[in-house]
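The chain contents come next:
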Amino acid sequence: MQDYGSTIEEQAVRLLTYLPGTPLAKIVATPEMLFDVGKMAANIDKMLAENFQHPNKTCFERGQFIWNLSNTPLLQKYVHAVKEEELQNIIEGVITQYEMFVLPNLSCFRKCINHGDLNDHNILVEKNSSPGSIQEQYKVSGILDFSDMSYGYYIFELAITIMYMMIESNDPLHAGGYVLAGFESVIPLTAEEKDALFFLVNCRFSQSLVMARYSVLLCPENEEYLMITAKTGWKHLKTLHNMGKEAVEKIWFETADSYVANH
């Protein structure tokens, strides 16, 4: 309560603890850093699945939550915000692939609670360089923004993390392999999960890009912020579309295997 003379009003206050660290977006992510990010993504979901208990835990069953990869078909309501026919066709194809190749196998995936938004602005890192090292090394030191948490699957978190690590990478396709290696060091994927990964990365690109276009229609004054992912996102989605599942998976899984073999 606050006393404003003759008026008393209730105020909602949100108090947050401070986490030291540098957003991953401000550094050039090395293969080692991307491996650490993948490992962190797996660990956070594993902890939420195995150790998190709360009487209101069911609130993470968020039904029609647009950012849950299970709801990729809901993008049909918003595709009209994408004006270019070529891009519309790609999005329609991603939705169709989800419905044909992922949806029938959801029951095969291992469930958990997803953070759901492990982008490079929500991951904090700190220096971890040894004395005399030539190149600065970093490790994950904290995670921000848990507002997109929902029940999903381990493979969802991996796909979301790969997508976001591709956005700012100088070597986006291989970046996915390093994240994959880190994730599998904690949670090895099943055959069904591996087979869905390519489709799910495309789904997250589509969610982010379509919803950005739609949000700009609603709030054009926020266009600069809303279109951050779009700066490189459409290019990456078109690359994945043009290369196809087999070629992209070959790069991801060979990169992951090579990284593990050399470390």
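Residues numbered from 1 in each chain as written. Predicted model: local features only at pLDDT ≥ 70, side-chain atom pairs only at ≥ 80, totals over all residues. Heavy atoms only, no water.

Per an unreviewed UniProt entry, the chain goes by Hydroxylysine kinase and derives from Xenopus tropicalis. Taken directly from UniProt, the Subcellular location (unreviewed entry) text for the chain runs: "Cytoplasm". We quote the UniProt Catalytic activity (unreviewed entry) comment for the chain here in full: "(5R)-5-hydroxy-L-lysine + GTP = (5R)-5-phosphooxy-L-lysine + GDP + H(+)". (UniProt positions renumbered as here; feature names shortened; annotations may be inferred.)

**Student:** How should empty space enclosed by the protein be read in this particular structure?
**Tutor:** Over the atoms rolls a probe the size of a water molecule, and its path tells where empty space is left. What the rule picks out here adds up to one cavity of 30 Å³ or more. Taken as a whole, the largest cavity spans an internal volume of roughly 50 Å³. In this structure, the largest cavity is lined by Phe-65, Trp-67, Asn-68, Leu-69, Asn-114, Gly-116, Asp-148, Ser-150, Phe-156 and Ile-160. Classifying every residue of the lining of the largest cavity by side-chain character gives five nonpolar, four polar and one charged. (1 Å grid on protein atoms, 1.4 Å probe; cavity = no way out; pocket = protein on both sides within 12 Å on 5 of 7 lines; lining within 4 Å. Points joined across faces, edges and corners; volume = space filled by probe spheres on them. Nonpolar A, V, L, I, M, F, W, Y, C, P; charged D, E, K, R; others polar.)

**Student:** What is the right way to read helix α4 (residues 172-184) from this model?
**Tutor:** Because an α-helix packs 3.6 residues into every turn, residues spaced three or four apart end up facing the same way. Look at α4: 19 Å from first C-alpha to last across 13 residues, which is about the 18 Å you get at 1.5 Å a residue. With 11 of its 13 residues buried, α4 lies for the most part within the structure. Within α4, burial applies to Pro-172, Leu-173, Ala-175, Gly-176, Gly-177, Tyr-178, Val-179, Leu-180, Ala-181, Gly-182 and Phe-183. Among the structural elements, α1 (31-50), α3 (154-167), α5 (191-218), α7 (230-243) and α8 (245-261) are those in contact with the buried residues of α4. (Helix = DSSP H or I, 4+ residues; strand = E, 2+ residues; numbered from the N terminus. Expected span 1.5 Å × (residues − 1). Buried < 20%, exposed > 50% of the residue type's maximum accessible area, 1.4 Å probe, protein only. Contact = heavy atoms within 4.5 Å.)

**Student:** Explanation requested: unusual backbone geometry in the structure shown.
**Tutor:** Apart from glycine, the bulk of residues carry a negative phi angle, and the bulk of peptide bonds sit in the trans form. In the Ramachandran plot, Asp-145 falls in the positive-phi region, its phi being about 60 degrees despite a non-glycine side chain. Within the fold, Asp-145 resides in the loop between β6 (138-143) and β7 (150-153).

**Student:** I'm lost on the environment of Gly-38 in this one. Help?
**Tutor:** Secondary-structure assignment places Gly-38 in helix α1. A sequence separation of 15 residues divides Gly-38 from Pro-23, and the C-alpha atoms of the two residues are 16 Å apart. Contact partners of Gly-38, with chain neighbours within four places excluded, come to Val-179, Gly-182 and Phe-183.

**Student:** How should the nonpolar core be read in this particular structure?
**Tutor:** Within soluble globular proteins, side chains that are nonpolar generally end up buried alongside one another. Of all hydrophobic cores here, the largest spans 82 residues; its most connected members are Ile-123, Leu-197, Val-201 and Trp-252. Sorting elements by how many residues they give to this core places α5 first, with 13 residues. Ignoring sequence-local partners within four residues, the contact set of Ile-123 consists of Thr-22, Pro-23, Leu-24, Val-37, Met-40, Leu-118, Val-140, Gly-142, Ile-143 and Met-165. (Core = buried A, V, L, I, M, F, W, Y, C linked by side-chain atoms within 4.5 Å.)

**Student:** I tried to follow the pattern of salt bridges on my own but got confused; where do I start?
**Tutor:** If the charged atoms of two oppositely charged side chains come close together, the side chains can form a pair. Enumeration according to the criterion identifies eight salt bridges in this entry. Two residues, Arg-213 and Glu-84, come together in a salt bridge whose shortest N-O distance is 3.0 Å. With Arg-213 in helix α5 and Glu-84 in the loop between α1 and α2 (85-102), the pair connects residues that are 129 residues apart, well separated along the chain. Classification of Glu-84 as partly exposed rests on a relative accessible area of 36%. In the salt-bridge network here, residues are joined through shared partners; they are Asp-195, Lys-245 and Glu-249. (Salt bridge = Lys/Arg side-chain N within 4 Å of Asp/Glu carboxyl O.)

**Student:** Honestly, the packing of aromatic side chains in this entry has me stumped. Any pointers?
**Tutor:** Aromatic ring pairs are reported here in terms of the distance separating the ring centres and the angle at which the planes meet. Enumeration according to the criterion identifies eight aromatic pairs in this entry. Ring geometry for Tyr-153 against Phe-156: centres 5.0 Å apart, planes inclined by 75 degrees, an arrangement best described as edge-to-face. Of the two residues examined, Tyr-153 and Phe-156, each falls in the buried class. Ring centres of Phe-198 and Phe-199 lie 5.9 Å apart, and the angle between their planes is 70 degrees; this geometry places the pair in the edge-to-face category. Of the two residues, Phe-198 and Phe-199, neither departs from the other in class, the shared state being buried. Clustering of aromatic rings is evident, with ring pairs tying together Phe-35, Tyr-178 and Tyr-259. The ring centre of Phe-65 lies 3.8 Å from the NZ or CZ of Arg-62, which sits over that ring. (Phe/Tyr/Trp six-rings, centres within 6.5 Å; stacked < 30°, edge-to-face > 60°. Lys NZ or Arg CZ within 6 Å of the ring centre and 35° of its normal.)

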